[in-house]
Amino acid sequence: MKSIAHKITRKQPKVTTEMNGKGLTVHAGLLPVLTFMGKLLFRERIHEAVHKERGANAQYEFTDIVQMVVIGLIAGATSMVQVVKVWADDVLRKMAGWEEVPVDTTIGRIMKMVGKGDIVELTGTIHKFRGKVWKRAIRSGQKLRSALSEMWIDVDSTVSGVYGDQEGAEVGYNPDKKGQKAYQYLMAFVGETKEVLHSWFRCGSAYTSNGVVEFMKECMAYQKKRVRVIFRGDSGFFSGELLEYLGSVSAGYLIKVKLKNLVKVLEGQKWELIKGNPGWEQADFMYRCAEWNCARRFVAVRQLVKIEKGLFEMPKYEYFCYVTTERLTPIEAHRLYGERATCETWIEECKSQMNAGHLRTGEFLANAALFHCAVLAYNLLKWMGLLAGGVIQRWEIKTVRLWLIRVAGKLTKGSRQLTLKLPEKFLHQEEWRLWEGMSLSVEFG
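On a predicted model such as this, the values are computed, not experimentally measured, just so you know.

## Some thoughts on the pairing of strand 5 (residues 196–203)
Looking along a regular strand, one sees the side chains alternate between the two faces of the sheet.
Working step 1: Within strand 5, six of the eight residues are buried, which leaves it mostly tucked inside the rest of the structure.
Working step 2: Sheet analysis places strand 4 (residues 181–190) next to strand 5, joined by seven bridges and oriented antiparallel. Note on strand 5: the bridge partner recorded for Gln-184 is Arg-202.
Working step 3: Taken together, strand 4 and the strand that follows it, strand 5, pair antiparallel across an intervening segment of five residues, in which Lys-194 is found at a positive phi of about 70°.

## Overview of the packing of helix 4 (residues 62–75) against helix 5 (residues 80–87)
Working step 1: Where helix 4 meets helix 5, the closest approach of the two axes is 9 Å, and the angle between their N-to-C directions is 90°. When the axes of helix 4 and helix 5 are compared, the pair comes out roughly perpendicular. Counting all contacts with helix 4, which are made through Gln-67, Met-68, Val-69, Ile-71, Gly-72 and Ala-75, the residues of helix 5 involved are Val-83, Val-86 and Trp-87.
Working step 2: Considered class by class, the residues forming the contact of helix 4 with helix 5 number seven nonpolar, two polar and no charged.

## Some points on the pattern of salt bridges
Working step 1: Summed over the entire model, instances satisfying the criterion amount to 19 salt bridges.
Working step 2: The salt bridge involving Arg-45 is made with Glu-48; its shortest N-O contact spans 2.9 Å. Taken as a pair, Arg-45 and Glu-48 lie in helix 3 (residues 42–49) at a separation of three residues, close to a single helical turn.
Working step 3: Residue class for Arg-45 comes out partly exposed when judged on its relative accessible area of 26%.
Working step 4: Of the charged contacts in the structure, one is a salt bridge between Glu-430 and Arg-433, with a shortest N-O distance of 2.9 Å. Residue Glu-430 and its partner Arg-433 are located together in helix 17 (residues 429–441), separated by three residues, close to a single helical turn.
Working step 5: Judged by relative accessible area, which is 52%, Glu-430 ranks as exposed.
Working step 6: When salt bridges with common partners are traced through the structure, they connect Arg-145, Glu-150, Arg-228 and Glu-326 into a single cluster.

## A look at helix 2 (residues 30–39)
Working step 1: Taken together, the buried positions of helix 2 are occupied by Leu-30, Pro-32, Val-33, Leu-34, Phe-36 and Met-37.
Working step 2: Looking one or two residues beyond helix 2, the residue adopting positive phi is Leu-41, at roughly 55°.

## A word on the packing of aromatic side chains
Working step 1: Under the criterion given, the structure shown has 22 aromatic pairs.
Working step 2: Centroid distance Phe-189 to Trp-346: 5.8 Å. Interplanar angle 45°. Geometry classified as tilted. Of the two residues, Phe-189 is situated in strand 4 and Trp-346 in helix 14 (residues 341–353); the sequence distance between them amounts to 157 residues. Side by side, Phe-189 and Trp-346 carry an identical accessibility label, which is buried.
Working step 3: Measuring from ring centre to ring centre gives 6.0 Å for Trp-292 and Phe-298, while their planes differ by 40°; the resulting arrangement is tilted. Neither residue differs from the other here; Trp-292 and Phe-298 are each classed as buried.
Working step 4: A cation over a ring is seen here: Arg-296 above Trp-292, with NZ or CZ 4.8 Å from the ring centre.
Working step 5: Directly above the ring of Tyr-317 sits Arg-302, whose terminal nitrogen or CZ lies 3.9 Å from the centroid.

## Remarks on unusual backbone geometry
The phi angle of most residues is negative, glycine excepted, and most peptide bonds adopt the trans form.
Working step 1: The phi dihedral of Ser-250 falls on the positive side, at around 60°, and the residue is not glycine.
Working step 2: Among the structural elements, Ser-250 can be located in the loop between helix 11 (240–248) and strand 7 (252–256).
Working step 3: Relative accessible area serves as the criterion here: at 57%, Ser-250 is assigned to the exposed category.
Working step 4: Unusually for a residue other than glycine, Asn-355 sits at a positive phi of about 60°.

## As for the sheet that holds strand 1 (residues 24–25)
Working step 1: The strand order across the open sheet formed by three strands is 1-12-13, and the pairing between neighbours is antiparallel. In the strand order of this sheet, the two ends are held by strand 1 and strand 13 (417–421), each with one partner.
Working step 2: Where strand 1 meets strand 12 (residues 409–414), two bridges bridge the pair, whose relative direction is antiparallel. Bridge assignment links Leu-24 to a residue of strand 12, and that residue is Lys-410.

Conventions used here
Residues numbered from 1 in each chain as written. Predicted model: local features only at pLDDT ≥ 70, side-chain atom pairs only at ≥ 80, totals over all residues. Heavy atoms only, no water. Buried < 20%, exposed > 50% of the residue type's maximum accessible area, 1.4 Å probe, protein only. Helix = DSSP H or I, 4+ residues; strand = E, 2+ residues; numbered from the N terminus. Pairing = 2+ DSSP bridges. Axes fitted to C-alpha atoms, helices over the stretch in contact; angles between N-to-C directions. Parallel < 35°, antiparallel > 145°, perpendicular 65-115°, else oblique. Contact = heavy atoms within 4.5 Å. Nonpolar A, V, L, I, M, F, W, Y, C, P; charged D, E, K, R; others polar. Salt bridge = Lys/Arg side-chain N within 4 Å of Asp/Glu carboxyl O. Phe/Tyr/Trp six-rings, centres within 6.5 Å; stacked < 30°, edge-to-face > 60°. Lys NZ or Arg CZ within 6 Å of the ring centre and 35° of its normal.

The structure is reproduced here in structure tokens:
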């Protein structure tokens, strides 16, 4: 009884707090990120791509600002002010080799220096980084299908509402807040690696498929000829012009069909039961829309929803129809298209977890540059996960940030060397070692 009473009455010791600790950080996991960026020659490549001449007395270059924003976003910043707060960490500045950092207004002012050509160069640099990472992954023994033979690209668009009168923010399709001004992003993801292959920052009034042919031309320009690309998209991309372009470059597609008379067209087809799937039927047929130059293959499935009783029994179906170049049965195409739903998850991950589009100024091109910085930050973590492998590759951004980035550390100096000391025991320690070990050992040719 005494032992039980002792356990119940055990008191928590009184603990006081003092804000005078030196050399402490909550972002120890940013060291492997900085190391990885160094191995990629991140600063050098950004400087070569977007070189902005500044005055002799200028303390910061465009490259400095890009690195600040990227690291800030990886740490979880949602505004320019929070980016500066991340870099207020004395340990982070020492790990990056900086003595001090600019204020948020300076970041915005330097970002406003970019022009249209700079945005193109910045996105091109992201593609070059990808090439290095994929080459390294293949050399290490990974069978990266997207780099060797066949790449599935999931394309979708999303909007981000704004408050105020930012340049280029316009009223368009906004399912969350109708009538609100917004920016729209067109994004292409690599299905295998979950990274952003290409992206556009657009005015909010742009329709989903506006400019998609030019968008895909840019995507194709960065791909190796031996790799076959397959486009997967929703009904917003059901465009004869897009299908014709994809066919001209020997690319495949699996796109959901959008037609005013679709149900009537489908009701006139020959349907067959799908073995092992009660209530499901499929159809395979050629069809030519009025403005098309040729007929294309359509595949469709339908599910029996109910049978209406009356003078005659009338079955009611739910239809799903796709236009495709792939050698798939209709039910196989339907299931493969269903995997596209994860693309919406990746967009949300990039937009909400990496805060793409959250950092803004009053100018459109500056906001575009900040958006592409977020895409670069998102891809950096996906690339590190790809090379580290294991469970890390499957983690979302918020999980990586929680278990690998926000790790407590203490920076010490001895024998002219800086040492970052981590807790002796902490959750996901083995994953952290793999994370750090990859960044130290990886080399890019």
